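The lines below spell out each chain.
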Amino acid sequence: MKWYKRIRLALTLALLPALAACGAGGGVSAEEEPAGTLSAVPALEEAAPEEACVHQFAQGDNTAEHEAAGYCGNTVTTVSRESRVWDEPWEASFWGDDSVALTDLLLYLDYSGDVCRCLPEYNVDTEFGTGYGVNLTAGYVRHDGGQTDLTEEQTELIREILERQGETP
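Rules and cut-offs
- Residues numbered from 1 in each chain as written.
- Predicted model: local features only at pLDDT ≥ 70, side-chain atom pairs only at ≥ 80, totals over all residues.
- Heavy atoms only, no water.
- Helix = DSSP H or I, 4+ residues; strand = E, 2+ residues; numbered from the N terminus.
- Buried < 20%, exposed > 50% of the residue type's maximum accessible area, 1.4 Å probe, protein only.
- Areas by Shrake-Rupley, 256 points an atom, 1.4 Å probe, with all protein chains shown as cover.
- Polar contact = N/O pair within 3.5 Å; in protein donor to acceptor, adjacent residues only side chain to side chain.
- Axes fitted to C-alpha atoms, helices over the stretch in contact; angles between N-to-C directions.
- Left-handed = near helix turned anticlockwise from the far one by under 90°.
- Contact = heavy atoms within 4.5 Å.
- pLDDT = per-residue confidence, 0-100.
- Core = buried A, V, L, I, M, F, W, Y, C linked by side-chain atoms within 4.5 Å.

*Asks:* Help me understand the overall build of the chain, please; the structure alone is not making it clear to me.
*Replies:* For the chain, the helix and strand inventory stands at four helices and eight strands. Reading the chain from its N end, one meets helices and strands in the order α-β-α-β-β-β-α-β-β-β-β-α. Put simply, the chain has 169 residues, and 38% of those count as buried. When the accessible surface of the chain is split by element, carbon and sulfur atoms take 51% of a total near 9,600 Å².

This is the structure in structure tokens:
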């Protein structure tokens, strides 16, 4: 077995309890779920709907106060699909308008919320910050120990950027 496959197997086994615990914080059943609610991990919901994580789109402004920033068009962003969530890994590095838009969005979100147990679907690294965990299914981004829910518009913007880069979220 190749060394990278051993590492992937070891990481998968190490992360399996965290994935299984995604719904351990309680929640509401599908019948009680408010409109606009996103269910983070459908497979867990089917197995135990009363224990699934529940996310809602952010309403209103979810950005931190900041000065307006300027970027040059050669700002590079790298997005990778988390292989622990998806069957096939995927990665794209890009620059231009999509890189600037995604960088600007992620850089100024207010990450003061608590971190849930759901796993990010994508990892995003920009020139101004690395290690952003993005979950479009649940509609959140986490960074530096905090998390924020995305608005419907922000979720769609990220999805469109990923589609233009060859990903089909």
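*Asks:* Can you help me understand unusual backbone geometry in this one?
*Replies:* For aspartate 144, which is not a glycine, the phi torsion comes out positive at approximately 50 degrees. In this structure, aspartate 144 sits in the loop between β7 (140-143) and β8 (146-149).

*Asks:* Please clarify how the side chain of threonine 103 should be interpreted in this entry.
*Replies:* Within the secondary structure, threonine 103 is located in helix α3 (residues 97-107). Overall, threonine 103 belongs to the buried group, its relative accessible area being 1%. Among the polar contacts listed, one links the side chain of threonine 103 to the backbone oxygen of serine 99, at a separation of 2.8 Å.

*Asks:* Just to check I follow, could you spell out the packing of α3 against helix α4 (residues 152-164) for this structure?
*Replies:* A pair of packed helices can be characterised by two numbers: the angle between their axes and the separation between those axes. Contact pair α3 / α4: the axes reach a minimum separation of 10 Å and the direction vectors enclose 145 degrees. Crossing geometry of α3 relative to α4 is assigned as left-handed. Only Gln154, Leu157, Ile158, Ile161 and Arg164 of α4 make contact with α3, whose side of the interface consists of Asp98, Ala101, Leu102 and Leu105.

*Asks:* Which parts of the structure should I look at to understand the confidence of the model for the chain?
*Replies:* Regions with low pLDDT should not have their predicted coordinates read in detail. Residues of the chain with pLDDT of at least 70 account for 62%, and the chain-wide mean is 74. Across residues 1-5, where pLDDT falls below 50, the model places one contact with residues more than four positions away in sequence or in other chains.

*Asks:* So what exactly am I meant to see when it comes to the nonpolar core here?
*Replies:* As a rule of thumb, soluble globular proteins bury nonpolar side chains together. In terms of nonpolar packing, the biggest core is built from 19 residues, with Val79, Leu102, Leu106, Val134, Val141 and Ile158 touching the most fellow members. Listed by contribution, the elements that provide at least two residues to this core are β4 (90-94), α3, β5 (122-126), β6 (129-135) and α4. Leave out the neighbours within four places in its chain, and valine 141 touches Leu106, Leu109, Tyr111, Tyr132, Gly133, Val134, Gly146, Gln147, Thr148 and Leu150. Counting residues in each nonpolar core, the second largest holds five residues, with Cys116, Cys118, Ala138 and Tyr140 among its members.

*Asks:* Would you explain the side chain of glutamine 147 in this entry?
*Replies:* For glutamine 147, the location among the structural elements is in strand β8. Of note is the side chain of glutamine 147, whose polar atom sits 3.3 Å from the backbone nitrogen of cysteine 116. In this view, glutamine 147 contacts His55, Asp110, Tyr111, Ser112, Gly113, Asp114, Val115, Cys116, Tyr140, Val141 and Arg142; residues no more than four positions away in its chain are not counted.

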